[in-house]
Each structure stands twice: as structure tokens, then as C-alpha cells.
Amino acid sequence: MSITAKGTSAIKLTPTLGDRTLAQEWLDDAEEVGPTDIYKRRMRKARTSWCQPLEIHVYDEAGNYESYFAGADYISEEGIGFKCREQLPAYTKIVICLEGEMVGVPSVAIDNIQTISGYIIETEFRFEERPPVENVLSKVG
């Protein structure tokens, strides 16, 4: 929530997009502290447990976005799984940032698993598909 003076609007800053090196740094950090799953399931690459607060920026075709807080569940070379209260439909373009950071990785939601407290969202990194970020500033409220 933002507090603004009467007659003014809050401004949301658009996160900048990182590349594969940022995702690899996150994976390396996770591998130092979390166990790696030996069962690959649907994912081709092994998943590493990762408990990290995230900010999820969900984009529409016009380049506007909404932000949600989430908690990382795992990370792999292919993507990130996180817990979120909001459902993200499949193929939703998002940018995942660490909480408080303004550099993130472009991703797409591929699956939703409903839980008692929200959803587990599975994503894939999509570095070749950049979300539309034409609107650098957007008004809130």
C-alpha cells in the first residue's frame, strides 16, 4: 500500500530484466544451503529447495503490471516454483525478483497447484521472450 499526499499518485518502478547469469547466481546460492532433489519428475533438471521471499510482476499486453509477494519453494536451471495467494493462469508472462530488488528474470507460469493457503506456481525461464515493459511508470490508486 502506498501513502500519497492529496491530489498526487503513487509511482511504481518497472524492474529491469536480468539474464541467465542472474538465474544461475540464484541457483548457486540455493545449492549452497538447500538439498537438491534427485527425482526429476516432469522437469528435466534437478530442483533445489530454495526459501527466499520474492516479488512477482505480472504483465499484460500493454506493458502494465501488478506486483505480488510470494515465497520461493524451489529453483532449477529451467525455472522457479513459488507459493502465492493469487492464481496465475498458464502462459502468464511474469518477471521474478528477489524481494526488495529491482532486477529480475523473465519467466512464464506453466502450472498452478491449489493449496489451502493459495497456489504453488511452477514457472519456466524465458530469456528469449521479454515481457512488454513499454510503460516505465504507472499510476496506482
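Scoring rules and cut-offs
- Residues numbered from 1 in each chain as written.
- Predicted model: local features only at pLDDT ≥ 70, side-chain atom pairs only at ≥ 80, totals over all residues.
- Heavy atoms only, no water.
- Phe/Tyr/Trp six-rings, centres within 6.5 Å; stacked < 30°, edge-to-face > 60°.
- Buried < 20%, exposed > 50% of the residue type's maximum accessible area, 1.4 Å probe, protein only.
- Lys NZ or Arg CZ within 6 Å of the ring centre and 35° of its normal.
- pLDDT = per-residue confidence, 0-100.
- Contact = heavy atoms within 4.5 Å.
- Salt bridge = Lys/Arg side-chain N within 4 Å of Asp/Glu carboxyl O.
- Helix = DSSP H or I, 4+ residues; strand = E, 2+ residues; numbered from the N terminus.

**Q** Explanation requested: the packing of aromatic side chains in the structure shown.
**A** One pair of aromatic rings is described through two measures. These are the centre distance and the angle between the planes. Counting across every chain of the model gives three aromatic pairs. Here Tyr-59 and Tyr-65 contribute two aromatic rings whose centre-to-centre distance is 5.3 Å and whose plane-to-plane angle is 40°, an arrangement assigned as tilted. Take Tyr-59 and Tyr-65: they sit in the same class, and that class is buried. Over the aromatic face of Tyr-74 sits the side chain of Arg-47, whose NZ or CZ is 4.2 Å from the ring centroid.

**Q** Explanation requested: the confidence of the model for the protein chain in the structure shown.
**A** Note: predicted coordinates in regions of low pLDDT should not be interpreted at a detailed level. On average, residues of the protein chain score 82 in pLDDT, and 78% of them reach the 70 mark or higher. This stretch, residues 134-141, has a pLDDT under 50; its non-local contacts, to residues over four places away or in other chains, come to 19 contacts.

**Q** What's the story with the pattern of salt bridges in this structure? I'm lost.
**A** One side chain can pair with another of opposite charge once the charged atoms of both are near each other. Scanning all chains against the criterion turns up two salt bridges. A salt bridge links Lys-83 to Asp-73; the nearest nitrogen and oxygen atoms lie 3.8 Å apart. Taken together, the positions of Lys-83 in strand E6 (residues 80-84) and Asp-73 in strand E5 (residues 65-75) put the pair ten residues apart, joining distant regions of the chain. Assessed through its relative accessible area of 29%, Asp-73 is described here as partly exposed. A salt bridge links Arg-126 to Glu-124, with the nearest nitrogen and oxygen atoms 2.9 Å apart. Judged by its relative accessible area of 18%, Arg-126 falls in the buried class.

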